[in-house]
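Single-letter residue listing:
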Amino acid sequence: MGSGPVSGASVLLAFPYLLATGNWPLVYHSPMPVHAIPLTALPAGAGQSRAWCVQLEAGGILYFPQTPVPIPAADLDFLLSRQQSGSRLHKNIAYKPAGDALSGVDRSASSAEEFDRLHDVMRRYSASVSAFLADFLAPYRRRWQLDYASYRPIEEEGRDLPTRRRNDLLHTDAFPTRPTRGARILRFFHNIHPTRTRDWVVGEPFPRVVGRFVQPSTTAAALKGQTATGSTMHTSAALKGHGFSRAGHAPVAVKGTGFSPYIPQPQKTRALAPEGSSTPHPLALPHPDSPAVCALKQLARATGLAALIPRLKRTPYDDFMMRLHNAMKEDAEFQRTCAREEVKFAPGSSWMVYTETVPHAVLGGQYALEQTFLVDAAVMVAPESAPVAVLEKLAGASVV
Ligand SMILES: [Fe+2]
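A brief structural summary.

Conventions we followed
- Residues numbered from 1 in each chain as written.
- Predicted model: local features only at pLDDT ≥ 70, side-chain atom pairs only at ≥ 80, totals over all residues.
- Pairing = 2+ DSSP bridges.
- Helix = DSSP H or I, 4+ residues; strand = E, 2+ residues; numbered from the N terminus.
- Axes fitted to C-alpha atoms, helices over the stretch in contact; angles between N-to-C directions.
- Expected span 1.5 Å × (residues − 1).
- Buried ≥ 20, exposed ≤ 12 C-beta atoms within 10 Å, placed from the backbone.
- Core = buried A, V, L, I, M, F, W, Y, C linked by C-beta atoms within 7 Å.
- Contact = placed C-beta atoms within 7 Å.

**Description of the sheet that holds strand β8 (residues 198-202)**
So, point 1. Spatially, the three strands line up as an open sheet ordered β12-β8-β14, and their pairing is antiparallel. Looking at the sheet topology across the chains shown, the edges are occupied by β12 (341-345) and β14 (360-364). Each adjacent strand pair in this sheet contributes to an overall mean axis angle of 30°, direction not counted.
So, point 2. Two strands pair when backbone bridges link them, and β8 and β12 are joined in this way by five bridges, in the antiparallel orientation. For Arg198, the partnering residue across the bridge sits in β12 and is Phe345.

**A short note on helix α4 (residues 112-136)**
So, point 1. Here α4 spans 36 Å end to end across 25 residues, near enough to the 36 Å set by a 1.5 Å rise per residue.
So, point 2. For α4, every residue scored as buried is listed here: Leu118, Val121, Met122, Tyr125, Ser126, Val129, Leu133 and Phe136.

**Points about the nonpolar core**
So, point 1. The biggest cluster of nonpolar side chains holds 82 residues, and the ones touching the most others in it are Leu62, Tyr63, Met122, Trp351 and Leu391.
So, point 2. It is α4 that contributes the most residues to this core, seven residues altogether.
So, point 3. Not counting chain neighbours up to four residues away, the residues in contact with Leu391 comprise Leu285, Pro286, Tyr317, Phe320 and Val399.

**A short note on helix α2 (residues 46-57)**
So, point 1. The end-to-end C-alpha distance of α2 is 17 Å, a good match for the 16 Å that twelve residues give at a rise of 1.5 Å each.
So, point 2. For α2, the complete set of buried residues consists of Ala51, Trp52, Cys53, Gln55, Leu56 and Glu57.
So, point 3. Note on α2: the residue one or two positions beyond its end, Gly59, has a positive phi of about 95°.

**Observations regarding the sheet that holds strand β13 (residues 350-354)**
Within a sheet, adjacent strands bond to each other through the backbone by hydrogen bonds, running parallel or antiparallel.
So, point 1. In spatial order, the strands read β2-β3-β13-β7-β15-β6-β4-β5; together these eight strands make up an open sheet with mixed pairing. Among the strands making up the open sheet, the edge pair consists of β2 (34-36) and β5 (101-103). Going across the sheet, the axis of each strand differs from the next one's by a mean of 20°, ignoring polarity.
So, point 2. For β2 and strand β3 (residues 61-64), the ladder comprises three bridges, and the chain directions are parallel. Within β3, the residue paired with His35 across the bridge is Leu62.
So, point 3. Contacting β4 (93-96), β5, β6 (144-152), β7 (184-191) and β15 (368-375), α4 crosses the sheet at an angle of about 135° to β6.

**Describing the pairing of β7**
So, point 1. In terms of residue burial, β7 counts as a mostly covered element, since seven of its eight residues are buried.
So, point 2. As judged from the eight bridges shared by β7 and β15, these two strands associate in the antiparallel manner. Across the sheet, residue Phe188 finds its bridge partner in β15, namely Gln371.
So, point 3. In this structure, β7 lies alongside β13, joined through five bridges in antiparallel fashion. The residue of β13 that forms the bridge with Phe189 is Trp351.

Everything listed is a geometric property; what it means functionally is a separate question.
Here it is in structure tokens:
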């Protein structure tokens with residue numbers, strides 16, 4: 001196995017941390033690069049902020065071995081005690097900053113005081129993450145919409161969910177009822193479990209995934225260029241240690257280093273393909289709405305009908321991204337054969353990633369916080385990497 005180039009910025013910033021811990025970077029041929037950022041690298045200058053934006057936009061995961069957004073101990077204890085007290089939470093708890101509203105809480109199992117306390121904790125968490133990223137991702141200049149924050153107290157391993165809602169199937173994110181109209185979905189996570197890792201798998205770069213699902217006859221030539229762009233995502237390094245690890249691969253020792261890079265292997269530990277599923281038909285590329293469809297959607301939005309029929313709220317871009325999400329989860333062959341790599345996020349760590357382009361799945365873990373940002377695609381440091389730009393290049397037309 002050869003060695004690819006290490007991400008210079010990541011290594012330089014992580015140097016004090018690496019020196020202290022001995023967790024030196026390893027070079028992987030990995031589906032997605034993971035860039036570890038120690039707290040000693042913060043705050044950073046404008047040039048470094050821009051480099052981090054570039055890494056995110058190239059499909060990287062920015063990983064903080066120690067979260068840069070610590071939660072007050074009292075808040076943490078309260079969150080962890082929710083499940084321990086026997087409260088029945090049927091789904092993720094969602095905080096909606098725009099309306100300062102909390103949902104997903106089983107009110108029958110929560111007192112009014114507990115509900116208000118949880119509301120306060122989530123409001124604080126949302127504001128803290130937003131304040132941190134305003135500096136950390138300064139090149140975006142807050143050109144984002146603060147979307148939902150969520151608390152995920154349910155054990156992910158073994159969850160019994162319908163195929164399209166399963167978290168353990170590799171997918172890219174799309175929201176059925178909240179179209180982004182080309183804005184990017186940036187998610188910031190925090191594993192608050194005191195002892196347990198949160199276990200993900202990540203997959204191939206977005207252009208490659210699109211190339212696997214769209215009709216080849218219409219995209220072969222265009223995808224050739226896009227895939228070449230995406231291939232740059234493979235030339236990166238990952239950091240091992242301090243609770244972050246990659247699994248599911250055959251170790252290959254590197255003489256004299258004490259470390260082992262890994263060769264990706266087929267997943268063996270868990271049946272990821274949904275039962276009874278089969279390879280779906282190829283997806284059609286998005287194409288502009290006809291004047292009649294445009295008029296129908298405008299009417300639906302004006303009359304409130306779009307709230308009842310989510311598809312009427314979607315642009316062609318949103319519709320494609322939703323179909324891609326569903327197709328990935330429903331394609332047993334894809335789930336069995338696509339390149340994937342396991343990533344385990346340490347207790348107390350945080351990470352962020354553009355989840356509408358980086359295929360991911362959650363195999364296990366409990367107690368995680370998350371804040372979503374819908375980032376204007378126009379403020380990307382590399383606008384051509386935005387999925388809307390990729391799709392418009394393929395389609396040869398505007399899709400939002
Ligand atoms: Fe997801």
